[in-house]
Amino acid sequence: MSLSRRQVAVAAAAVPLAFSVAGTAHAGNRRTLYVAGDSTAAQKHANTAPETGWGMAIPFFLQSSRLAVSNHAVNGRSSKSFVDEGRLKGILSAIRPGDLLLVQFGHNDEKREDPARYTEPWSTYQEYLRMYLDGARARGARPVLATCVERRRFDAAGKALPTHGEYPAAMRALAAEERVALLDIQALSLALWQRLGVEETKKYFNWTAAEQDNTHFNPPGAIEVARLVARELLRTRVLGPRDVRRLDERIPESWITWPEPAA
């Protein structure tokens with residue numbers, strides 16, 4: 001997921017304590033779900049519409065009276081660069097006991113040509129992910145791992161192809177070793193793209209007159225990936241039935257909004 005001009009513009013507008021979808025304050029027993037990840041989850045701004053991160057849609061599936069969302073995902077980041085830039089430190093300075101830290105990295109960890117972002121699946125990738133797990137646990141928060149959502153790629157026969165190499169397997173193994181809840185979004189999204197097929201998946205990715213983007217989502221795609229995340233949070237019992245809503249309902253695209261970028 002190389003940095004395009006558009007991605008760089010959005011990243012430049014981000015700060016370590018990134019855009020909060022629903023705030024971070026605790027009201028009564030309300031907890032906060034912090035999201036650490038890359039551009040597939042990140043908040044997008046008006047100058048990048050209709051590109052949409054799934055983190056922009058996850059609040060539609062959560063009971064706002066019980067769970068706030070603080071989306072710190074940023075374009076172009078890997079598990080390593082997110083830490084090195086102080087972004088994990090920013091989350092850990094705000095996270096509180098009972099909160100959740102959802103971690104999704106892999107797209108940019110694959111960038112072997114970029115030492116600032118590259119990690120090796122079975123060594124440095126797992127080592128960096130442990131920093132998120134240990135940091136959350138030390139503050140009484142619950143870490144959750146999510147395998148990276150799949151890109152749109154098909155072979156000539158119309159079979160949806162995995163694109164993330166050993167990274168999902170490495171995360172699954174780490175989750176089992178550390179006894180951390182795992183949301184297998186890579187497997188679920190790959191299955192979803194297969195059901196939709198070659199042509200129908202174009203309606204879920206950021207295909208416009210100007211570009212054919214098979215990595216990032218438009219509003220329908222972000223909504224459906226967020227639905228997968230919410231369902232997995234419920235299935236793995238990270239959240240209870242009272243924490244989620246609308247899991248089987250249609251979410252209007254008009255609910256997605258893109259704020260103006262910071263000056």
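Can you break down unusual backbone geometry residue by residue, with the values?
Each neighbour pair has its own omega, and for Ala-49 with Pro-50 the value is 10°, a cis peptide bond. Along the chain, Pro-50 falls in the loop between strand 1 (31-37) and strand 2 (67-71). Within the chain, Arg-237 stands out as a residue other than glycine whose phi angle is a positive 65°. Residue position: Arg-237 is located in the segment after helix 7 (219-235). With a phi angle near 60°, Arg-246 is a residue other than glycine that sits in the positive phi range. Secondary-structure assignment places Arg-246 in the segment after helix 7.

Break down the packing of aromatic side chains for me, with residues and values.
Applying the stated criterion across every chain, the model contains 9 aromatic pairs. Ring centres of Phe-82 and Tyr-132 lie 6.2 Å apart, and the angle between their planes is 40°; on these two criteria the pair is classed as tilted. With Phe-82 in helix 2 (residues 79-84) and Tyr-132 in helix 4 (residues 121-138), this pair connects stretches of sequence that are 50 residues apart. Judged by relative accessible area, Phe-82 falls into the buried class, the value being 0%. Among the aromatic residues, those joined into a ring-pair cluster are Trp-193, Tyr-204, Phe-205 and Phe-217.

Before we move on, can you summarise the packing of helix 6 (residues 185-200) against helix 7 with the specific residues and values?
Packing of helix 6 against helix 7 brings their axes to within 10 Å, and their N-to-C directions diverge by 135°. The angle between helix 6 and helix 7 places the two elements in the oblique class. For the pair helix 6 and helix 7, the sense of crossing is right-handed. In this structure, helix 6 uses Ile-185, Leu-188, Ser-189, Leu-192 and Trp-193 to contact helix 7, whose residues at the interface are Glu-224, Val-225, Leu-228, Val-229 and Glu-232. Of the residues contributing to the contact of helix 6 with helix 7, the split by class is 7 nonpolar, 1 polar and 2 charged.

I'd like a rundown of the pattern of salt bridges, residues and numbers included.
The final tally for this structure, using the stated rule, is 17 salt bridges. Note that Glu-177 and Arg-130 form a salt bridge whose closest N and O atoms lie 2.9 Å from each other. Taken as a pair, Glu-177 in helix 5 (residues 167-178) and Arg-130 in helix 4 lie far apart in primary sequence, 47 residues in all. A relative accessible area of 54% places Glu-177 in the exposed class. For Arg-130, the salt bridge identified is with Glu-178, shortest N-O distance 3.2 Å. Here Glu-178 lies in helix 5 and Arg-130 lies in helix 4, a separation of 48 residues in the sequence. What emerges from the salt-bridge pattern is a single network uniting Arg-130, Arg-137, Glu-177 and Glu-178.

Give a detailed account of the packing of helix 4 against helix 5, specifying residues and quantitative values.
Viewed as axis vectors pointing N to C, helix 4 and helix 5 meet at an angle of 45°, and their least axial separation amounts to 10 Å. Judged on the interaxial angle alone, helix 5 and helix 4 are oblique. Crossing angle aside, the handedness with which helix 4 passes helix 5 is right-handed. Contact residues: Pro-121, Trp-122, Tyr-125, Gln-126, Leu-129, Arg-130, Leu-133 and Arg-137 in helix 4; Tyr-167, Ala-169, Ala-170, Met-171, Ala-173, Leu-174, Glu-177 and Glu-178 in helix 5. In terms of residue class, the contact of helix 4 with helix 5 is made up of 11 nonpolar, 1 polar and 4 charged.

Pulling in residues and values, what's your account of helix 3 (residues 87-94)?
Taken together, the buried positions of helix 3 are Arg-87, Leu-88, Gly-90, Ile-91 and Leu-92. Where helix 3 is buried, its residues touch strand 1, helix 2, strand 3 (100-104) and helix 4.

Any chance you could break down the nonpolar core for me, citing the residues and the numbers?
Formed by 44 residues in total, the largest nonpolar core has its most connected members in Trp-54, Trp-193 and Leu-233. Among the elements of the structure, strand 1, strand 2, strand 3, strand 4 (142-146), strand 5 (181-183), helix 6 and helix 7 are those that each provide at least two residues to this core. Sort the elements by how many residues they give to this core and helix 7 lands first, with 8 residues. When neighbours within four sequence positions are excluded, Trp-193 is seen to be in contact with Val-149, Glu-150, Arg-151, Phe-154, Ala-160, Thr-201, Tyr-204, Phe-205, Phe-217 and Val-225. Among the nonpolar cores identified, the runner-up in size contains 25 residues, and Tyr-34, Leu-129, Leu-133 and Leu-182 belong to it.

Cut-off values and rules
Here, residues in each chain are numbered from 1, in the same order as that chain's written sequence. With the structure being a predicted model, the display of local features is reserved for residues of pLDDT at least 70 and the display and counting of side-chain atom pairs for 80 or more, all residues being used for whole-chain, interface and lining totals. Side-chain metrics rest on all non-hydrogen atoms present in the structure, leaving aside hydrogens and water. For the purposes of this entry, the term helix denotes a DSSP run of H or I that reaches at least four residues, the term strand denotes a run of E that reaches at least two, and both are numbered from the N terminus. Under the pairing criterion, centres of Phe, Tyr and Trp rings, with the six-membered ring standing for Trp, must be within 6.5 Å; the plane angle then separates stacked pairs below 30 degrees from edge-to-face pairs above 60, leaving the rest tilted. In this scheme, a residue with accessible area under 20% of its type's maximum is buried, one over 50% is exposed, and one in between is partly exposed, where area comes from a 1.4 Å probe on protein chains only. Here an angle of 0 to 180 degrees is reported between the N-to-C directions of two axes, which are lines fitted to C-alpha atoms, with helices fitted over the stretch in contact. Put simply, angles under 35 degrees are roughly parallel, angles over 145 are roughly antiparallel, angles from 65 to 115 are roughly perpendicular, and the rest are oblique. The handedness criterion is simple: a crossing whose near helix is rotated anticlockwise from the far helix by less than a right angle is left-handed, and one whose near helix is rotated clockwise is right-handed. Whether two residues touch is decided by their heavy atoms; if any such pair falls within 4.5 Å, the residues are in contact. Following the grouping adopted for this structure description, the nonpolar residues are Ala, Val, Leu, Ile, Met, Phe, Trp, Tyr, Cys and Pro, the charged ones are Asp, Glu, Lys and Arg, and the polar ones are all others, Gly among them. For salt bridges, the criterion is a side-chain nitrogen of Lys or Arg within 4 Å of an Asp or Glu carboxyl oxygen. Put simply, buried Ala, Val, Leu, Ile, Met, Phe, Trp, Tyr and Cys residues joined by side-chain atoms within 4.5 Å make one nonpolar core.

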